[in-house]
Amino acid sequence: MQNLIKLPGLIDVHVHLREPGATQKEDFQTGTRAAIAGGYTAVLDMPNNPIATVTPQALQEKINLATGKIYCDVGFNFGAGSKSVQYFPEVVDKVFGLKVYMNQTTGDLLIEDEIALEAVFSGWPKNQVVMVHAEGDTLQKAIALAKKFGNKLHVCHVSLKAEVEAIKSAKQTGMKISCECTCHHLFLTDEDVKRLGPYGMMRPPLSSKEDQQALWQGITDGTIDMIASDHAPHTREEKEGEKPAYGVPGLETTLPLLLTAVKDKRLSLDKLIDLTYTNPKRVFNIPDQPDTFVEVDTTIRYTLDAERLYTKCRWTPFAGMKVTGKVKKVVLRGQTVFDGQNIFGPYGQLLTP
Ligand code: DOR
Ligand code: ZN
Ligand code: ZN
């Protein structure tokens, strides 16, 4: 018995499409095809490319490269570098958020210096989001800076109980703060690292069962506003090398995992829509996509299989997991862009707020 339901085109505010500079991992074409197959019709791309998106020129290069190649709509997040503050006024109308890396991870955008951080938080317009990669204690620093300068703060990939608690209290004080968590932190824990090896390594790392429970609780009580994939593909060679790259792909596994949680009654369908559409759209000011929807069959049970993925990296830490719920059709502005088997396009457009 099939059960077809309609969802809005999903929005992912945290995706690493890797072009230019790391197209061995992913590019605009493969990454947006993966998005479409996963039920996403709009994604925001992150700035930590080898030549980071920290200047108007680097942003323009991405815009040029993406034009005519994208299957879903794509918007950009600008990167905070020690010298990028001067460009904020020039780029702010072209991007959805400013990404600030306050801990070491892929790329070289780390900012730790207090004076540099103050310049970044004070310089970014207050009607636009500052997105932080701030793990553990660093989160307190980000909250303090956003409070001091009146920023709209968005906390990326919350993974610890202490982080959920810190965000919950900040919300109670009336601060403009939102956050996301990922499916790897919701469905995997540090116990999976042994089995997955480098394929279970990302920043922030997989956390404990107790942390994981706090994330599910944070979803239930509204502390966690949205789910982002943090789609961070790397090649198998890069994962199996001496210093494995941090990150996992997620665009094609997020919706099946969340639909499975709905079937298991861990999540309501309304909540799934809030987490993957309504809240990302509201917080990041994503424009409407008329006549756009996703059709899923909520009854199909199958095993996640890396061979079927559209992402260039062709692996997933969720391989072998049984899920219930499959994308059968995606319609973007009235055009069928996925029929469950084939992708059509490219019909994606570049987004500005
Ligand atoms: O695991 C991660 N991978 N965490 C990040 O913060 C960056 C990302 C990447 O770009 O590979
Ligand atoms: Zn991050
Ligand atoms: Zn990321």
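Up top you'll find the structure we're talking about.
Keep in mind the model is a prediction, meaning the values are calculated, not measured. Within each chain, residues carry numbers counting from 1 in the order of the written sequence. To label them, take the chains in the order written and letter them from A, then take the ligands in the order written and number them from 1. pLDDT decides what is reported in this predicted model: residues at 70 or higher carry local features, side-chain atom pairs at 80 or more are listed and counted, and totals for whole chains, interfaces and linings draw on all residues regardless. To obtain the side-chain values, all non-hydrogen atoms of the structure were used and water was disregarded.

(A) Structural context of the coordination of the zinc ion (ligand 2). Taken together, His133 (ND1) and His157 (NE2) make up the full set of protein donors to the zinc ion (ligand 2), lying 2.1 Å away. For Na, K and Ca the donor cut-off is 3.2 Å, while for other metals it is 2.8 Å, and in both cases only N, O and S atoms qualify; water is not among them, so sites may look incomplete. In this structure, the zinc ion (ligand 2) lies 3.8 Å from the zinc ion (ligand 3). In this pair, His133 is assigned in strand β6 (residues 129–133) and His157 in the loop between β7 (152–155) and α6 (161–172), connecting sequence segments 24 residues apart. Each residue gets one of three labels from its accessible area relative to the maximum for its type: buried under 20%, exposed over 50%, partly exposed in between, using a 1.4 Å probe on protein chains only. Classification of His133 by relative accessible area gives buried; the value is 1%. Runs of H or I in DSSP of at least four residues are treated as helices and runs of E of at least two as strands, each being numbered from the N terminus.

(B) Main features of the sheet that holds β6. Any two strands are treated as partners once DSSP identifies two or more bridges connecting them. With respect to topology, eight strands assemble into an open sheet ordered β2-β3-β4-β5-β6-β7-β8-β9, the strand pairing being parallel. With partners counted over all chains shown, the strands left at the sheet margins are β2 (10–15) and β9 (226–227), one partner each. Its contacts with the sheet put helix α5 (residues 138–149) on β6, β7 and β8 (177–181), and the angle it makes with β7 is roughly 165°. Any two residues whose heavy atoms approach within 4.5 Å are treated as being in contact. Orientation is described by lines fitted to C-alpha atoms, with helices fitted over the stretch in contact, and by angles between N-to-C directions that extend from 0 to 180 degrees.

(C) Spatial organisation of the state of the cysteines. The criterion for a disulfide is a pair of cysteine sulfur atoms lying within 2.5 Å. With the rule as written, the count across this model stands at zero disulfides. Free of any disulfide, Cys313 has its nearest neighbouring cysteine sulfur in Cys183, separated by 16 Å.

(D) Representation of α5 in the model. With 12 residues, α5 should cover 16 Å at 1.5 Å per step; its first-to-last C-alpha distance of 17 Å lies within 8% of that length. Residues of α5 that are buried: Thr138, Leu139, Ala142, Ile143, Leu145 and Ala146. Viewed end-on, α5 has its buried residues packed into an arc of 165°, placing them on one side of the element. On its buried side, α5 packs onto α4 (114–123), β6, β7, α6 and β8. At the exit of α5 stands Gly150, carrying a positive phi of roughly 75°. In a helix, the anticipated span is given by 1.5 Å times the number of residues less one. The arc in question is the one traced by the directions running from the helix axis out to the C-beta atoms.

(E) Structural view of the environment of Gly9. Take Gly9: it is sitting in the loop between β1 (4–8) and β2. C-alpha of Gly9 to C-alpha of Glu112: the two residues are 103 residues apart in sequence and 37 Å apart in space. Among residues more than four places away in sequence, those in contact with Gly9 are Gly39, Thr41, Tyr277, Thr292, Phe293 and Val294.

(F) Expanded view of the site of ligand 1. Here a residue is considered near a molecule or strand provided that any single heavy atom belonging to it is located within 4 Å of it. Within the structure, ligand 1 sits among His16, Arg18, Asn48, Thr105, Thr106, His133, Met202, Arg203, Ala232, His234, Tyr246 and Gly247. By the criterion applied in these results, polar contacts are pairs of N or O atoms within 3.5 Å in which, for protein atoms, one can donate a hydrogen and the other can accept it, and in which residues neighboring in sequence qualify only through two side-chain atoms. Between an oxygen atom of ligand 1 and a side-chain N or O atom of His133, the distance comes to 3.0 Å. A distance of 3.2 Å is found between an oxygen atom of ligand 1 and a backbone nitrogen or oxygen belonging to Gly247. Per-residue and other accessible areas follow the Shrake-Rupley method at a 1.4 Å probe size, with only the shown protein chains counted as cover for residues. Protein burial of ligand 1: of its 290 Å² of free accessible surface, 99% is covered by the chains. In this classification, the charged set is Asp, Glu, Lys and Arg, the nonpolar set is Ala, Val, Leu, Ile, Met, Phe, Trp, Tyr, Cys and Pro, and all remaining amino acids, among them Gly, are polar. Across the shell around ligand 1, the residue classes break down as three nonpolar, seven polar and two charged.

(G) Expanded view of the nonpolar core. With 91 residues, the main nonpolar core has Val100, Phe121, Val132 and Leu153 as its most contacted residues. Ignoring anything within four residues of it in the chain, the contact list for Val100 reads Ala80, Leu117, Val120, Phe121, Val130, Met131, Val132 and His133. With 18 residues, the next largest nonpolar core counts Val129, Met131, Met226 and Leu351 among its residues. By nonpolar core is meant a set of buried Ala, Val, Leu, Ile, Met, Phe, Trp, Tyr and Cys residues that side-chain atoms within 4.5 Å join together.

(H) Region of interest: the coordination of the zinc ion (ligand 3). The protein atoms donating to the zinc ion (ligand 3) are His14 (NE2), His16 (NE2) and Asp230 (OD), with metal-donor distances spanning 2.0 to 2.1 Å. Linear spacing of the donor residues for the zinc ion (ligand 3) on their chain is H-x1-H-x213-D.

(I) Region of interest: the packing of aromatic side chains. In summary, the pairing rule links any two rings of Phe, Tyr or Trp, Trp by its six-membered ring, whose centres are within 6.5 Å, and it sorts them by plane angle into stacked for under 30 degrees, edge-to-face for over 60 and tilted for everything else. If you walk through the whole model with that rule in mind, you get six aromatic pairs. Consider the rings of Phe28 and Phe76, whose centres lie 6.2 Å apart with planes at 80°: the pair is edge-to-face. Taken as a pair, Phe28 in helix α1 (residues 28–37) and Phe76 in strand β4 (residues 73–79) lie far apart in primary sequence, 48 residues in all. Classification of Phe76 as buried rests on a relative accessible area of 2%. Seen in terms of ring centroids, Tyr310 and Phe338 are 6.4 Å apart; in terms of plane orientation they differ by 90°. Their pairing is edge-to-face. With a gap of 28 residues between them, Tyr310 in the loop between β10 (293–303) and β11 (322–332) and Phe338 in strand β12 (residues 335–338) connect regions that are remote in the sequence. The cationic tip of Arg266 hangs over the ring face of Trp216; the distance from NZ or CZ to the ring centre is 4.1 Å. Charge over a ring is defined by NZ of Lys or CZ of Arg lying within 6 Å of the ring centre and within 35 degrees of the ring normal. The ring of Tyr302 has Lys326 sitting right over it, with the charged end atom 4.2 Å from the ring centre.

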